[in-house]
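Chain by chain, the residues:
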Amino acid sequence: MLGQMMHQPLLIKNILAHSQMAFPTTKIVSRTGDNSIQSHLIGDIARRSAQLAHALDALNVQAGDRVATLAWNDHRHLELYYAVSGIGAVCHTINPRLPQKQIAYVIEHAGDKLLFVDEGLAGLLEKVLPLVKNPPTIIVLAGTTSPLPPLNADADLLNYEVMIGDQADDFDWPDFDENTASGMCYTSGTTGNPKGVLYSHRSTTLHAMQVALSFANALHEGARVLPIVPLFHVNAWGLPFTCPLVGASLIFAGPFLDGPSLFELMDSQQVTSAWGVPTVLTAVLQEIKRAGRPPKGLNNILVGGSAISLGFIDDYEDLGITVNHAWGMTEMSPIGTQGSIPASSRHLPLEKQRHLKKRQGRGIFGIDMKIVDQNGDEIAQDGKQSGELYVRSNTTAAQYYNNPEATAEAFHDAGWFRTGDIANIDATGNLLITDRAKDLIKSGGEWISSLEHETAIMTHKSIAQCAVIAVPHPKWDERPIIIAVPTSDFGDDKDSKVRAALFEDVLSLLGVEFPKWQMPDALVLVDELPLTATGKISKLRLRQLYRDYFGDTNE
Ligand code: ADP
């Protein structure tokens, strides 16, 4: 027997309409490229999105067309999210930190018809366009008085504010199937070309609701949320949808993503919750230490994208700032888990509870997870046995866009997505990522987890950042070495004895937890570590840089 309830399609337009009706004082504050602050009410954003929808119509954008953005976080980018999806087209956000060849690849692979570019990124686009066979029409995200940048002479340039300025500010948003594609994001391929994930109105709306449920301590009416995570990568973790849904204001940082600028913005805009990857939130922490106080009003942060250390958690929580932890992937819209201390563990001594915070957490509602061994067979969730993590949910991709090879590899187990993460899950469903499959180190036929080593090394007071990587070795196939950035008080001590003593110290720290054969063979100190397009430490680049550390093993 079927239920007898109405069926309303889950469409993104309903989020904006709901926000405008229920939370009209919700603000969207942007620091734009010229370093000025612009503030809009959610109703202004709805009206400007309607104007943009008319302009897209005038440019003959049809349902299903891909409309690209190459832009930092601000209100115009948010308007594109709502207007493009609202007319049934697909908002394809492009990561400006990708190599130029890959930017050209994703424009071509997605078949973008229009491309909206920030004034400040026009120079980059100018270099990319000659690499694209059928370049899209370019619209510059600029104020009416800004002179248009001299992009590629063939590009048909338009100005955003001029384009929307004379349009009517209401729009009869169409209804359509909730499975219609709404957005598109390419994973930053560490090897090979990026792979496209095509989100739908249904998956996006469900994700917004699920995130609201799981992070209610951060996302609620009156909260002021800073997505340091970019709108150009996995929908800024869904915040452009979840915040309006619950009546939280959005504060956008534009291109100013260094620690001092973020601190100043948080302070002046009284941000209550900031969301970002560990590298950028560590830069904020340094600024907090320099200023001798946290930004006014900052109540919590949400950190995800890479593992976090206990020191990081302690530093924030000692200031009274709650650390929310999440794990996710581009393919998962992106949030999969919520790291917190389960009620059943709150009686434990504080020291044990602290360690639980490092775990990536329990699946948010609707996420199924399983751990499989090398044969693809499911293994027990006992918090001890690690294997590859597979997931499924209504907010997980079912395939990659126009990419049968990558689809066959990641979706070979019917109904499940293979994450490529190595993990264990305990009896309370609490996930711990122990490594990326590709970052594991195979020494003499045995596996070493780089992430577990890094977590231990990061507890050393003189280590600010580190990566443990596999380096080809003539006898053992691979051996681990540590590449680390020392803390500023260690300074640039060139004395080899001091360095050797630090390595000895780190080894004795690791020796408490790990067997002797797993001990790294070297500690290399550097000034900074290379980052990926999404701000994570690039182990691929490090492996390339140090591949001959034990001599040329290809001889
Ligand atoms: P990309 O790195 O290409 O941008 P994603 O943003 O989709 O891709 O990154 C997903 C990967 O990031 C996960 O598979 C996992 O390895 C890592 N990751 C994400 N969140 C966490 C976390 N909280 N702890 C450890 N690793 C994480």
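Here the residue numbers are simple positions, counted from 1 along each chain's written sequence. Local features are withheld for residues below a pLDDT of 70 in this predicted model, meaning they are given only at 70 or higher, and side-chain atom pairs are given and counted only at 80 or more; totals for whole chains, interfaces and linings count all residues. Side-chain numbers here rest on the full set of heavy atoms in the structure, without hydrogens or water.

Caption draft 1: Highlighting the overall build of the protein chain. Every helix listed is a DSSP run of H or I at least four residues long, and every strand listed is a run of E at least two residues long, numbered separately from the N terminus. Of the regular secondary structure elements, the protein chain holds 16 helices and 25 strands. Each radius of gyration is computed over the set of C-alpha atoms, and the globule rule expresses the reference value as 2.2 Å times the number of residues to the power 0.38. A globule of 555 residues ought to have a C-alpha radius of gyration of about 24 Å, and the protein chain, at 24 Å, matches this closely. Its C-alpha atoms put the protein chain at 70 × 65 × 50 Å along the principal axes. Throughout this description, buried means an accessible area under 20% of the type-specific maximum (1.4 Å probe, protein chains only), exposed means over 50%, and partly exposed covers the range between. Residues counted as buried form 55% of the 555 residues belonging to the protein chain. For the protein chain, the share of sequence-separated contacts (at least 6 apart) that also reach a separation of at least 24 residues comes to 67%. Throughout, the Shrake-Rupley method with a 1.4 Å probe supplies accessible areas, and for residues the shown protein chains are the sole cover considered. Here the protein chain has roughly 23900 Å² of accessible surface; of this, 51% comes from carbon and sulfur atoms. As used throughout, the charge tally considers Lys and Arg to be positive and Asp and Glu to be negative, leaving His and the chain termini uncounted. Note that the charge is assigned to NZ on lysines, CZ on arginines, CG on aspartates and CD on glutamates. The distance from the centre of the 45 positive side-chain charges to the centre of the 63 negative ones in the protein chain is 4 Å. By the convention used here, residues are in contact when the closest approach between their heavy atoms is within 4.5 Å.

Caption draft 2: How the structure looks around the side chain of Thr 187. Mapped onto the fold, Thr 187 is located in strand S8 (residues 181-187). With sequence-adjacent residues up to four places away left out, Thr 187 is seen in contact with Pro 194, Lys 195, Val 197, Thr 330 and Glu 331.

Caption draft 3: The sheet that holds strand S3 (residues 66-70), seen in detail. Here, strands pair whenever DSSP counts at least two bridges between them. On the basis of which strands lie adjacent, the open sheet formed by 7 strands has the order S7-S6-S5-S3-S4-S8-S9 and mixed pairing. The two strands at the open ends of the sheet, each matched to only one other strand, are strand S7 (157-159) and strand S9 (195-200). Between one strand and the next, the sheet's axes are offset by a mean angle of 25°, whatever the strand orientation. Bridge analysis of S3 against strand S5 (residues 114-118) gives 4 bridges, and the strand direction is parallel. Bridged to Leu 70 within S5 is Val 117. Note on geometry: axes are C-alpha line fits, over the in-contact stretch for helices, and angles between N-to-C directions span 0 to 180 degrees. Those strands touched by helix H4 (residues 100-110) are S3, strand S4 (90-93), S5 and S8, and its axis lies near 150° from that of S8.

Caption draft 4: Spotlight on the nonpolar core. Note on terminology: a nonpolar core comprises buried Ala, Val, Leu, Ile, Met, Phe, Trp, Tyr and Cys residues joined through side-chain atoms within 4.5 Å. Judged by nonpolar contacts, the single largest core of 108 residues is most densely connected at Phe 116, Leu 219, Leu 226, Trp 275, Tyr 316 and Leu 389. The greatest single-element share of this core, amounting to 8 residues, is contributed by helix H2 (residues 42-58). In contact with Phe 116, other than residues within four places in its own chain, are Leu 52, Leu 56, Val 67, Ala 68, Thr 69, Leu 70, Leu 80, Ile 139, Leu 141, Tyr 160 and Met 163. If you look at the next biggest cluster of nonpolar residues, it comprises 31 residues, including Ile 94, Leu 98, Val 117 and Ala 142.

Caption draft 5: Main features of the pattern of salt bridges. Note on definitions: salt bridges are taken to be side-chain nitrogens of Lys or Arg within 4 Å of carboxyl oxygens of Asp or Glu. Summed over all chains, the structure comprises 23 salt bridges. Put simply, Asp 44 and Arg 47 hold a salt bridge, and the shortest N to O gap is 3.0 Å. Taken as a pair, Asp 44 and Arg 47 lie in helix H2 at a separation of 3 residues, close to a single helical turn. Residue Asp 44 is classed as partly exposed on the basis of its relative accessible area of 25%. Through salt bridges with shared partners, a single network forms among Arg 48, Arg 76, Glu 79 and Glu 161.

Caption draft 6: Here's a closer look at unusual backbone geometry. Residue Ser 333 is joined to Pro 334 through a cis peptide bond whose omega torsion reads 10°. Considering the arrangement of structural elements, one finds Pro 334 in the loop between strand S14 (322-328) and strand S15 (335-339). The phi dihedral of Asp 477 falls on the positive side, at around 70°, and the residue is not glycine. Tracing the chain through its elements places Asp 477 in strand S24 (residues 477-486). Judged by relative accessible area, which is 53%, Asp 477 ranks as exposed.

Caption draft 7: Representation of empty space enclosed by the protein in the model. Put plainly, a pocket is an open set of points on a 1 Å grid over the protein atoms alone with protein on both sides within 12 Å along at least five of seven lines, a cavity is a set where a 1.4 Å probe fits but cannot get out, and a lining residue has an atom within 4 Å of a point. Grid points are joined across faces, edges and corners, and a volume is the space filled by probe spheres set on the points. Counted under the stated rule, the structure contains 4 cavities of 30 Å³ or more. Estimates place the volume of the largest cavity at around 80 Å³. Every residue lining the largest cavity is listed: Ile 12, Tyr 81, Ser 85, Cys 91, Thr 93, Ser 182, Gly 183, Tyr 199, Thr 204, Asn 235 and Phe 241. Broken down by secondary-structure element, the contributors of at least two residues to the lining of the largest cavity are helix H3 (75-86), S4 and S8. Tallied by class, the residues present in the lining of the largest cavity amount to 5 nonpolar, 6 polar and no charged. When residues are sorted by character, Ala, Val, Leu, Ile, Met, Phe, Trp, Tyr, Cys and Pro go into the nonpolar class, Asp, Glu, Lys and Arg into the charged class, and all the rest, Gly among them, into the polar class.

Caption draft 8: How the structure looks around the packing of aromatic side chains. Centre distance within 6.5 Å is the pairing criterion for rings of Phe, Tyr and Trp, where only the six-membered ring of Trp is used; planes under 30 degrees apart are then read as stacked, over 60 as edge-to-face, and the remainder as tilted. Enumeration over the complete set of coordinates arrives at 10 aromatic pairs. Arranged with centres 6.1 Å apart and planes meeting at 80°, the rings of Phe 116 and Tyr 160 form a pair that is edge-to-face. Taken together, the positions of Phe 116 in strand S5 and Tyr 160 in helix H6 (residues 160-165) put the pair 44 residues apart, joining distant regions of the chain. As far as the burial class goes, Phe 116 and Tyr 160 line up, both buried. Judged by centre distance (4.7 Å) and plane angle (55°), the rings of Phe 171 and Trp 173 are tilted. According to the relative accessible area criterion, Phe 171 is buried, its value standing at 18%. Cluster of aromatic residues (ring-pair linked, three or more members): Tyr 81, Tyr 82 and Phe 241.

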